[in-house]
Amino acid sequence: MVVWRYTASSRLVAPVSGSAGDPGEVRNLTYRWSQRSIEDIPPFDLAVGGGRPVVVEAAQLQQEARWFARELVAESIWCHPLVVGRPIGILTVEPAPDPSLQELVAGAAATAASLLTWQRAKRGQAQAELLLELIESAESHSGSLNKLLAMVCQRLAREVGTTGASIFLEDGGRLVPQMSTSADGTLDAETWSRFRLATEPFPVAEAAFAAGRPIIAENRHDARLRGWWAGAFDIHAALAVPLGKPSSPGGVLTVDSAVPRTFRKDQVRLVAAAGAMLGEMIERAQAAEAREARLATADLMRNLLKEALADPSLERATSMLAEIALRTMGTTEAVVCISRSGDEFSEVARARSGPQPLPVPRRTRQSLRRPSQLSSPVAVDIVEGAFGEAARLLRQLGFRSGTVIPLVGEDSASGVLVCGDRVPRRSSARRLELAAQLALEGGLVLEATRLRELDRARQVELHHQATHDPLTGLCNRALFHDHLSAEIERARSEGRILALLLIDLNRFKEINDTHGHPEGDRVLVAFGKHLLASVRQGDFVARLGGDEFAVVLSGRASVKGVLTAARRIGERLTHRLEIGDASVTMDASIGIAVFPAHGQDAAELLHNADASMYEAKREQSGLKVFEPSNGWITASDLRRAIAERDLLLHYQPKVDLSTGEVRSVEALVRWQHPMRGVVPPSEFIALAETSGDIGGITRLVLREALEQCRQWQEQRLVLDVAVNVSARDVTDPDFTATVIAALEDAHLTPDRLILELTESCALSNKEVAIGVLGSLRDLGVRIAVDDFGTGYSSPQVLEDLPLDELKIDGSFLRADAIHRGRSMVPWLVSLGHEFGLTVVAEGVETGFALQLADDAGCDQVQGYHLSKPLPAQQLQAWLAERKKRPLSRRGPGLARTGTA
């Protein structure tokens, strides 16, 4: 994948960055690192011209651009134009992606376009800062011209990325070497002597001096780089610009490179601006009579650059530019217009002199036709009868005479500065010289300011996307946790209560299953709007995920006030909703927890509100306030249990239906609580999820389970072990390293470990989960999806995730779900086998469930009918006893059974 920058004015493409699929593979990528005309690469030209992606096969390129085809690393290439208002680049992908990945490539293209825009802003800012530094250095080095010239040469060489820079001053009609230095500021005595005592003129510098404009020589094939200078200083490319006035330059500034290269337009403009500025500085030092006027102009530009760099406001920067132009050019008005869209400009700033300026016609405040062909300042003495874009623009603005100055951006004029008068006024050469300076420096300021403003708006948008739910527009879980924690601290310091409401939409799964996910999304959006309308200003509303919402109530004086507000919210959330041809009554269950009575931190408050919400749903009471009990556990208790290793493991066997063998077990965590005895995971895992302690539990279970696996192995008992992981685990970039370390400490190979995750856990952040799970599976760790069938149950989940095992949820095997189980279980088994997965039926608690799993073709079974989860020693005893029993067959392929 390679990102190319495209310059519309020169129609050149040049690579910005690139990557190969296999970092260890050596590939010939030379074509990627040279600048080319877009006509040399037909697919690029076609993509930019058509504004759409183009796919080209290597065989076709053999006929159209053989040199490019030879460099391809695949049999095809995808060329995607990068457009931000206009084409600014191209993204190439080799080989061309499958249709299923093209949307992903389009997203990468949008990111690449933003990256190019951001790089442009950073480049413009750096160049503006350099010009500011030159202006300020002119004052600090005013007594030492050589020090000033040396500093300019070094800074420009470093900024443009060349080997060195030199200055030649005019003396009696010829150029005399004056100053030279390398990019690192060093120059040995021998090189300096050769430079000062040059035996012949430098052809590139002479050409720029004669032409009064920048001259570029890109390689030794250019005649202006041949001869003594190229050999003496190993110059393979050079850029030369006149110092001072283009019509009568006071010398030449050159930057040279030890390798062939091209120079970007912005680099040429920067060196040209520096050359023009430096020429004026030299002229001030040599001509005392013009010193005061020139210092005044430099001071104005310094203030503009400082303000533009300190304040990213486009309005402020353009207003200052208009004021500076008014004072510098001596006209009665100055107007700044910038490009808004297409071929139109809009006025953004205006400065006037005089007590009663004439009113501006209303049409000029709206839009002006863009003078796209204007590339340098143009003065018009009398507008009537004059033709051309400059005269037309002056006429639109109501001026009788004036100067139109293009403010040049990256590729073309991004704005214009118009200095005009209401009466005819003849222009002068001096005004055009000042106009050229304003065009160079003002263009850099305008471009940098506009792009920084765009970048700031983009950062605001990215922050909104990171903190808000894309479906409902409400605040998301991350912002909710930050807000709740901050509100708890504020309530603690002010000595007041704070209420948290967890709200779950009733019967939402039925709507999804019956009417489909699009209708379910529509219900969630409508529910979010009703919820937002039911709270008062100052309350905080968020969507935590799925059909679960949260409200933080601030400013209630008592629990009674909280209950009143919660009941009002519940009443307003109850409404009729038309879904397809059906009319459904929507309502919700609300769980309430109050700080400080029901929790001291966000995790405890959230856990207790969650418990109350499920209680309200179970009782169908609408809302429920948390009621603490003597044995209630807190987040601090759980952290202490993890630290003191009060968590213990039980192991439940998985039986192979074809052989009756037990080849693996699932490690299930228990809490040995000092007051409540053994606490099942259902009572503390949710708390661990909300408090952020689930990662600590996973690490503890992982290490203890693998250590037990090693001990069994030493006793010649070979059992693989399965460990449950959470959404936090599979989105943690360090999780892969954690698993590897645990396997190494236990001296086990990765194939002995199975990681089980729920379907909803994988879907919470599928892209990240795929990456983490894929890296683990590549190591040899097996991956299982647990409780399958209770969530989305989409074949896409099985296709996207790197899985080895599918575990069917036990709810399908209950006797009270016989009709549903007999239809769903065979379908789920067939689905798993279609994807090449081992299918396990969990929750096998009866002989009926065992027979159903066997008839459906399950590979393995697990559940209380075979064995409940047991401590390690009891499991060994159960396995030993099981070997003594004869096979008990309940159906085809059914093996040993028994309970413990």
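What counts, and where the lines are drawn
Residues numbered from 1 in each chain as written. Predicted model: local features only at pLDDT ≥ 70, side-chain atom pairs only at ≥ 80, totals over all residues. Heavy atoms only, no water. Helix = DSSP H or I, 4+ residues; strand = E, 2+ residues; numbered from the N terminus. Buried < 20%, exposed > 50% of the residue type's maximum accessible area, 1.4 Å probe, protein only. Contact = heavy atoms within 4.5 Å. Areas by Shrake-Rupley, 256 points an atom, 1.4 Å probe, with all protein chains shown as cover. Phe/Tyr/Trp six-rings, centres within 6.5 Å; stacked < 30°, edge-to-face > 60°. Lys NZ or Arg CZ within 6 Å of the ring centre and 35° of its normal. Expected span 1.5 Å × (residues − 1). Arc of directions from axis to C-beta. Polar contact = N/O pair within 3.5 Å; in protein donor to acceptor, adjacent residues only side chain to side chain. Pairing = 2+ DSSP bridges. Core = buried A, V, L, I, M, F, W, Y, C linked by side-chain atoms within 4.5 Å.

Chemist: Looking at this structure, how should I read the overall build of the protein chain?
Modeler: Within the protein chain, the secondary structure is distributed over 29 helices and 33 strands. Looking at the protein chain residue by residue over its 900 residues, the buried ones come to 51%. Pairs at least 24 residues apart make up 62% of the contacts formed inside the protein chain by residues separated by at least 6 positions. A total of about 40700 Å² of accessible surface is found on the protein chain, and carbon and sulfur atoms cover 51% of it.

Chemist: Explain the packing of aromatic side chains here, please?
Modeler: Aromatic ring pairs are described here by two measures, namely the spacing of the ring centres and the angle between the planes. Summed over the entire model, instances satisfying the criterion amount to 12 aromatic pairs. Ring centres of Phe195 and Trp229 lie 6.0 Å apart, and the angle between their planes is 85°; this geometry places the pair in the edge-to-face category. Of this pair, Phe195 sits in helix α6 (residues 189–196) while Trp229 sits in helix α8 (residues 228–233); the two residues are 34 residues apart in sequence, bridging distant segments of the chain. Across the pair, Trp229 and Phe195 agree in class, each one buried. Judged by centre distance (5.7 Å) and plane angle (85°), the ring pair of Trp671 and Phe684 falls under edge-to-face. Linking Trp671 in strand β26 (residues 662–673) with Phe684 in the loop between β27 (677–679) and α20 (685–691), this pair joins segments that are 13 residues apart in sequence. In this arrangement the basic side chain of Arg261 is found over the ring face of Phe263, its NZ or CZ atom lying 4.3 Å from the centre.

Chemist: Is there a simple way to think about helix α14 (residues 477–494) in this case?
Modeler: In an α-helix, one turn spans 3.6 residues; hence positions three or four apart end up facing the same way. Between the first and last C-alpha of α14 there are 25 Å, a value that for 18 residues agrees with the 26 Å anticipated at 1.5 Å per step. Taken together, the buried positions of α14 are occupied by Phe480, His481, Leu484, Glu487, Ile488 and Ala491. Take α14 and look down its axis: the buried residues cluster within an arc of 135°, on one side only. In α14, the exposed positions angled more than 90 degrees off the buried face are occupied by Asp482, Ser493 and Glu494. The N-cap of α14, judged by a side-chain oxygen 3.3 Å from the amide nitrogen of Ala478 a few residues on, is Asn476. At the C-terminal side of α14, Gly495 shows a positive phi close to 65°.

Chemist: Could you clarify how one ought to interpret the pairing of strand β31 (residues 805–808) in this entry?
Modeler: The alternating pattern of β31 places Glu805 and Lys807 and Leu806 and Ile808 on opposite faces, both of which are buried. Direction of pairing for strand β30 (residues 782–788) relative to β31: parallel, over a ladder of three bridges. Bridge assignment links Ala784 to a residue of β31, and that residue is Glu805. Alignment of β31 against strand β32 (residues 838–841), held across four bridges, turns out to be parallel. Bridge pairing in β32 places Glu805 opposite Thr838.

Chemist: Even after reading the chapter, I still don't get the nonpolar core, so can you show me in this structure?
Modeler: A general tendency of soluble globular proteins is for nonpolar side chains to be buried together. The biggest cluster of nonpolar side chains holds 79 residues, and the ones touching the most others in it are Tyr651, Leu753 and Leu755. Among all residues touching Leu755, those that are not within four sequence positions of it are Leu702, Val723, Val725, Phe735, Val739, Leu776, Val781, Arg782, Ile783 and Ala784. If you look at the next biggest cluster of nonpolar residues, it comprises 30 residues, including Phe527, Ile569, Leu573 and Met586.

Chemist: Honestly, helix α7 (residues 203–211) in this entry has me stumped. Any pointers?
Modeler: Along α7, the residues that are buried comprise Val204, Ala205, Ala207, Ala208 and Phe209. Buried-residue contacts for α7 involve β7 (164–171), β8 (174–182), β9 (215–217), β10 (237–243) and β11 (251–257). Within two residues after α7, Gly212 carries a phi angle of roughly 70°, on the positive side.

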